[in-house]
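These are the residues of each chain, in order.
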Number of protein chains: 2
Amino acid sequence: MNLRRDVYQAIADPTRRAILVLVASQSMTAGAIASNFDTARPTVSKHLQILTECELLEQEQKGREVYYHLNPERIKEVADFIEPFRKMWDDRFNKLETIMKEYQSKK
Amino acid sequence: MNLRRDVYQAIADPTRRAILVLVASQSMTAGAIASNFDTARPTVSKHLQILTECELLEQEQKGREVYYHLNPERIKEVADFIEPFRKMWDDRFNKLETIMKEYQSKK
DNA sequence: AAGCCCTGTAAGAATTATCTTACAGGGCTT
DNA sequence: AAGCCCTGTAAGATAATTCTTACAGGGCTT
């Protein structure tokens, strides 16, 4: 077996990304989250389980309802991977700006 | 069929992320890239194909060798998804700082 | 306590992804 | 042109993931 189940695998699924966006602004119950999608409720429940396992979401039981809210901390792992690359396209952008300035000064 | 094959799916695989880091600083041939991994060469070739398909890598043929180099532009898609969440953990950090200051002023 | 509602989970089929072996195209070198 | 080297690809076995139907636990309400 040896499941992957890391943050990258988690955000690879479009439904799971949509869940993260949905829960970003406010806590929501499992049912409320599921009602936003066409897929069956147990399917969404499974997605919630996956997101919770890699700590992108956190659960909070309130009576018989379970609220899910975002844990932004974990997304940082992906951000840290991307950060060095960001520098690269920033550099390219800066280079483009320089070219544009030179172009305009020749007018 | 209808394969996923998007940027998120691409970076979900640890080998593919390693390839991106490897190629970030310099262009490399397919063989040179493959020699960095334990998996068979065709396996790496497949990964390169996937990365090229979603435009994270670009090919440059030189004689019988193929050089791969990074296209930072595409990673921006992931960065844009993450950016809004970044604000959330920044806010949390700021809140923590505020608490610390209050704590110190009471000493 | 009985019944309803919210939620999670097990099982299994269908889909998708991964990796290896074997082979093919095509540029170099001699 | 013959042979070697670099690379890509097809086929098929294996593994992992996804999704649905059916069911179970446990908190509310009456």
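Structure first, text after, so check above.
Rules used throughout
Residues numbered from 1 in each chain as written. Chains lettered and ligands numbered in written order. Predicted model: local features only at pLDDT ≥ 70, side-chain atom pairs only at ≥ 80, totals over all residues. Heavy atoms only, no water. Pairing = 2+ DSSP bridges. Helix = DSSP H or I, 4+ residues; strand = E, 2+ residues; numbered from the N terminus. Contact = heavy atoms within 4.5 Å. Axes fitted to C-alpha atoms, helices over the stretch in contact; angles between N-to-C directions. Buried area = accessible area lost by both parts, 1.4 Å probe. Salt bridge = Lys/Arg side-chain N within 4 Å of Asp/Glu carboxyl O. Nonpolar A, V, L, I, M, F, W, Y, C, P; charged D, E, K, R; others polar. Least-squares fit on C-alpha atoms with pLDDT ≥ 70 in both. Buried < 20%, exposed > 50% of the residue type's maximum accessible area, 1.4 Å probe, protein only. Polar contact = N/O pair within 3.5 Å; in protein donor to acceptor, adjacent residues only side chain to side chain. 1 Å grid on protein atoms, 1.4 Å probe; cavity = no way out; pocket = protein on both sides within 12 Å on 5 of 7 lines; lining within 4 Å. Points joined across faces, edges and corners; volume = space filled by probe spheres on them. Parallel < 35°, antiparallel > 145°, perpendicular 65-115°, else oblique.

Peer 1: What am I meant to see in the sheet that holds strand 1 (residues 28–29) of chain B here?
Peer 2: Strand pairing in a sheet takes place through backbone hydrogen bonds and is either antiparallel or parallel in direction. All names here are of chain B. Read from one edge of the open sheet, 3 strands run 1-3-2, paired in antiparallel fashion. Strands at the two margins of the open sheet, each flanked by one partner only, are strand 1 and strand 2 (57–62). Where helix 2 (residues 14–24) meets the sheet, its contacts fall on strand 1, strand 2 and strand 3 (65–70), and the angle it forms with strand 3 comes to roughly 95°. Those strands touched by helix 4 (residues 41–53) are strand 2 and strand 3, and its axis lies near 115° from that of strand 2.

Peer 1: Explain the interface of chain A and chain B here, please?
Peer 2: Bring the parts together and some accessible area is lost; that lost area is often taken as the interface size. Of the residues lining the interface, 28 residues belong to chain A; the matching set on chain B comes to 28 residues. Roughly 2,600 Å² is buried in total at the junction of chain A and chain B, and carbon and sulfur atoms are behind 72% of that figure. Among the residues of chain A in contact with chain B, P72(A), F85(A) and W89(A) are the three that bury the most area, contributing 22% of the side total. Connecting chain A to chain B are 4 salt bridges. With a shortest N-O distance of 3.9 Å, D6(B) and R17(A) are connected by a salt bridge. Among the secondary structure elements, those contributing two or more residues to the side of chain A that touches chain B are helix 1 (7–11), helix 2 (14–24) and helix 5 (72–105) of chain A. If one sorts the elements of the side of chain A that touches chain B by residue count, helix 5 of chain A sits on top with 14 residues. Its residues assigned to classes, the side of chain A that touches chain B shows 17 nonpolar, 2 polar and 9 charged.

Peer 1: Before we go on, may I ask you to explain the relation of the copies chain A and chain B in this structure?
Peer 2: The relation between the two copies of this chain is a rotation about an axis and a shift parallel to it. At an RMSD of 0.0 Å, chain A and chain B line up after a rotation of 180° and a shift of 0.0 Å along the axis. The symmetry that links the two subunits is that of a two-fold axis. Residue A12(A), judged by its C-alpha, is the member of chain A lying nearest the rotation axis, at 3.1 Å. Most of the interface of chain A is mirrored in chain B, where 100% of its interface residues are also at the interface.

Peer 1: Would you mind going over the sheet that holds strand 1 (residues 28–29) of chain A with me for this structure?
Peer 2: Residue and element names in this part refer to chain A. Taken together, the 3 strands give an open sheet; going across it, the order is 1-3-2, and neighbouring strands pair in antiparallel fashion. Here the strands that pair on one side only, and so sit at the sheet edges, are strand 1 and strand 2 (57–62). With 2 bridges connecting them, strand 1 and strand 3 (residues 65–70) associate as antiparallel partners. Each bridged residue has a counterpart across the sheet, and for M28 the counterpart in strand 3 is Y68.

Peer 1: I would appreciate a short explanation of helix 2 of chain A in the present structure.
Peer 2: One turn of an α-helix holds 3.6 residues; hence residues three or four places apart share an orientation. Considered for burial, the residues of helix 2 of chain A that qualify are T15(A), R16(A), R17(A), I19(A), L20(A) and V23(A). Put simply, D13(A) is the residue that caps the front of helix 2 of chain A, since its side-chain oxygen is 2.9 Å from the backbone nitrogen of T15(A).

Peer 1: What am I meant to see in empty space enclosed by the protein here?
Peer 2: In this approach a probe as big as a water molecule rolls over the atoms, and the regions it shows empty are the leftover space. For the structure shown, the criterion picks out 1 cavity of 30 Å³ or more. One number sums up the size of the largest cavity: a volume of about 50 Å³. Around the largest cavity, the lining residues are A79(A), I82(A), E83(A), R86(A), A79(B), I82(B), E83(B) and R86(B). Mapped by element, the contributors of at least two residues to the lining of the largest cavity are helix 5 of chain A together with helix 5 (72–105) of chain B.

Peer 1: Please clarify how unusual backbone geometry should be interpreted in this entry.
Peer 2: Both trends apply: most residues other than glycine have a negative phi, and most peptide bonds are in trans. Even without a glycine there, the phi angle at E55(A) is positive, about 65°. Examined against the element boundaries, E55(A) turns out to sit in the loop between helix 4 (41–53) and strand 2.

Peer 1: It is not clear to me how the environment of N71(A) should be interpreted in this structure. Could you clarify?
Peer 2: Mapped onto the fold, N71(A) is located in the loop between strand 3 and helix 5. On a C-alpha basis, the gap between N71(A) and L57(A) in space is 5.3 Å, while along the polypeptide they are 14 residues apart.

Peer 1: What am I meant to see in the packing of helix 2 of chain B against helix 4 of chain B here?
Peer 2: Between two packed helices, what matters for the description is the angle formed by their axes and the separation of those axes. Residues and elements named next belong to chain B. One way to put it is that helix 2 packs onto helix 4 with a least axis distance of 10 Å and a crossing angle of 75°. Taken together, the axes of helix 2 and helix 4 are roughly perpendicular relative to one another. In contact with T15, R16, I19 and L20 of helix 2, helix 4 contributes V44, H47, L48, I50 and L51. Partitioning the contact of helix 2 with helix 4 into residue classes produces 6 nonpolar, 2 polar and 1 charged.

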